[in-house]
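# Structural overview for review
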Amino acid sequence: MKSRWSLTLLLVLMVGLVLSFGSSWSALEGAEQFYEVLARHYAPIIRQGAASEQDYITALDFDGDWISNNNWENQPTGDLSAYVYYSVIESKTHWFLFYSLYHPRDYTYEDCATSGGCHENDLESIQLTVEKDGTPFGKPKTLETLAHDSIYLYTFEDSVGSGFLRVAGTADLEDGHPVIYVEALGHGIYGHKGASSSIYYFPRLLGGGTVTYRVGEQAEVPESTKDENISYKLIPIYTTLWPRRDSIGDGKTFDRPFEYRGQVLSASIDGDTFTKDSANTPWGYWQARGATLSRGDWFLDPARAVSFHASFEGDFSLEYLYNPYLRDLQRQ
Ligand SMILES: [Ca+2]
Ligand SMILES: [Ca+2]
Ligand SMILES: [Ca+2]
Ligand SMILES: [Ca+2]
């Protein structure tokens, strides 16, 4: 009796294993877990110029709701725990890792009431391109950073050259993580230290300093504008911002609809303080398009965008093995 039960149990277990490992759902689940590990492996070390708490990175729903035009008002009372949004897309030859930093306010050294340079919500991003060379984590090739109207191109080795973008310098790696430098006030991101006076000079002049964020298990709040060791948590764009992409309009999460390959997407985060709808969504960036790319390609079709921005030696496939965004848009 006992052995028959054991046999039945064994059969049930085997069928279960075959079903779970055999289905594409599980394969995808496994791949997504790997993408999270990969995103963490390359998660940037962030040197954030911090003139005030308004320069702390956080989540778009830091105030407990997904209404975005109350975020300027809620900045002083909201939860400024550190989060970084990420996304991984895989082509036949490369991984594209996108990271976005959110700040509730983009502000100026001068009074916002008269400067004309302040706006509610701010999302600036970077993209890392990693060649799949047969090793578990591949070989990083380029780092692109967004600062206001421009994307800057940095390389990890000489085999990558300029394309539409001129190579701005060599990317820094520290313990295997790229290092990025983020301005206080306007929050532009660069791959080198001396890129802007708002990274070190202005924050110090205003009595602040630099906060250094590293990926970790906890979403921490800096103790001061000079805190050198703060942990941030990664959160996927795909399960947080992307499902809300149709929340478009005043009082919603996003705004400024535009057409991307026949589908309506939102170019901006909704905002109404000082200037309207001034922060882009990850899929709403318009920089460095030339005559070749469309608004949104940098995030949604990174193989095409990055191979236009830079020139690579060797194979660079435009065919995706995993791009859930284009997949969703095609299904709509
Ligand atoms: Ca809000
Ligand atoms: Ca507002
Ligand atoms: Ca900004
Ligand atoms: Ca609006």
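Computed from a predicted model, the values in this text were never measured in an experiment. (Residues numbered from 1 in each chain as written. Chains lettered and ligands numbered in written order. Predicted model: local features only at pLDDT ≥ 70, side-chain atom pairs only at ≥ 80, totals over all residues.)

## With respect to the overall build of the chain
- When helices and strands are counted, the chain shows 9 helices and 18 strands.
- Taking 332 residues into account, the globule formula puts the C-alpha radius of gyration at 20 Å, and the chain, at 21 Å, falls close to it.
- The buried share among the 332 residues of the chain stands at 43%.
- Pairs at least 24 residues apart make up 58% of the contacts formed inside the chain by residues separated by at least 6 positions. (Helix = DSSP H or I, 4+ residues; strand = E, 2+ residues; numbered from the N terminus. Rg over C-alpha atoms; globule rule 2.2 N^0.38 Å. Buried ≥ 20, exposed ≤ 12 C-beta atoms within 10 Å, placed from the backbone. Contact = placed C-beta atoms within 7 Å.)

## Notes on the nonpolar core
- Ile 57, Ala 82, Val 84, Tyr 86, Leu 97, Ile 189 and Tyr 232 are the most contacted members of the largest nonpolar core, which has 77 residues in total.
- The dominant element in this core, judged by the number of residues it contributes, is strand S3 (residues 94–106), at 7 residues.
- Not counting residues within four places of it along the chain, the set of residues in contact with Ile 57 comprises Gln 48, Ala 82, Tyr 83, Val 84, Leu 101, Tyr 102, His 103, Tyr 213 and Tyr 232. (Core = buried A, V, L, I, M, F, W, Y, C linked by C-beta atoms within 7 Å.)

## Concerning helix H8 (residues 302–309)
- Within the span of H8, buried status applies to Pro 302, Ala 303, Ala 305, Val 306 and His 309. Projection of H8 onto a plane perpendicular to its axis shows the buried side chains occupying an angular sector of 165 degrees, all on one side. (Arc of directions from axis to C-beta.)

## Considerations on unusual backbone geometry
- With a phi angle near 50 degrees, Arg 261 is a residue other than glycine that sits in the positive phi range.
- Following the sequence through the fold, Arg 261 ends up in the loop between strand S14 (254–260) and strand S15 (263–269).
- Judged by C-beta crowding, with 13 C-beta atoms within 10 Å, Arg 261 ranks as partly exposed.
- Positive phi outside glycine occurs at Asp 277, with the angle close to 45 degrees.

## Remarks on the sheet that holds S15
- Ordered in space as S14-S15-S16, the 3 strands form an open sheet in which the pairing is antiparallel. In the strand order of this sheet, the two ends are held by S14 and strand S16 (279–280), each with one partner.
- By the bridge criterion, 6 bridges tie S14 to S15 in an arrangement that is antiparallel. When the sheet's bridge partners are listed, Asp 255 is paired in S15 with Ser 268. (Pairing = 2+ DSSP bridges.)

## Here's the deal with the environment of Trp 286
- Residue placement: Trp 286 occurs in the loop between S16 and helix H7 (297–300).
- Trp 286 gets classed as partly exposed once you count the C-beta atoms within 10 Å, which come to 15.
- Once the C-alpha coordinates of Trp 286 and Asp 297 are considered, the two residues, 11 residues apart in sequence, prove to be 8.4 Å apart.

## Regarding the environment of Tyr 83
- Tracing the chain through its elements places Tyr 83 in strand S2 (residues 83–91).
- When the 22 C-beta atoms within 10 Å are taken as the criterion, Tyr 83 is described as buried.
- In the structure, Tyr 83 is positioned 149 residues away from Tyr 232 in sequence and 5.2 Å away in space, judged by C-alpha atoms.
- Other than its neighbours up to four places away in sequence, Tyr 83 contacts Ile 57, Thr 58, Ala 59, Ala 219, Tyr 232, Lys 233 and Ile 235.

## Considerations on the pairing of S2
- Burial analysis of S2 places 8 of its 9 residues in the buried class, the great majority of the element.
- Where S2 meets strand S13 (residues 230–236), 4 bridges bridge the pair, whose relative direction is parallel. Residue pairing in the sheet places Val 84 in a bridge with Leu 234 of S13.
- In this sheet, S3 lies alongside S2 in antiparallel orientation, the contact comprising 6 bridges. Its bridge partner being in S3, Tyr 85 is matched across the sheet by Ser 100.
- In this sheet, strand S18 (residues 320–322) lies alongside S2 in antiparallel orientation, the contact comprising 2 bridges. Across the sheet, the residue bridging to Ser 91 is Tyr 320, located in S18.

These figures come from the coordinates and say nothing about function on their own.
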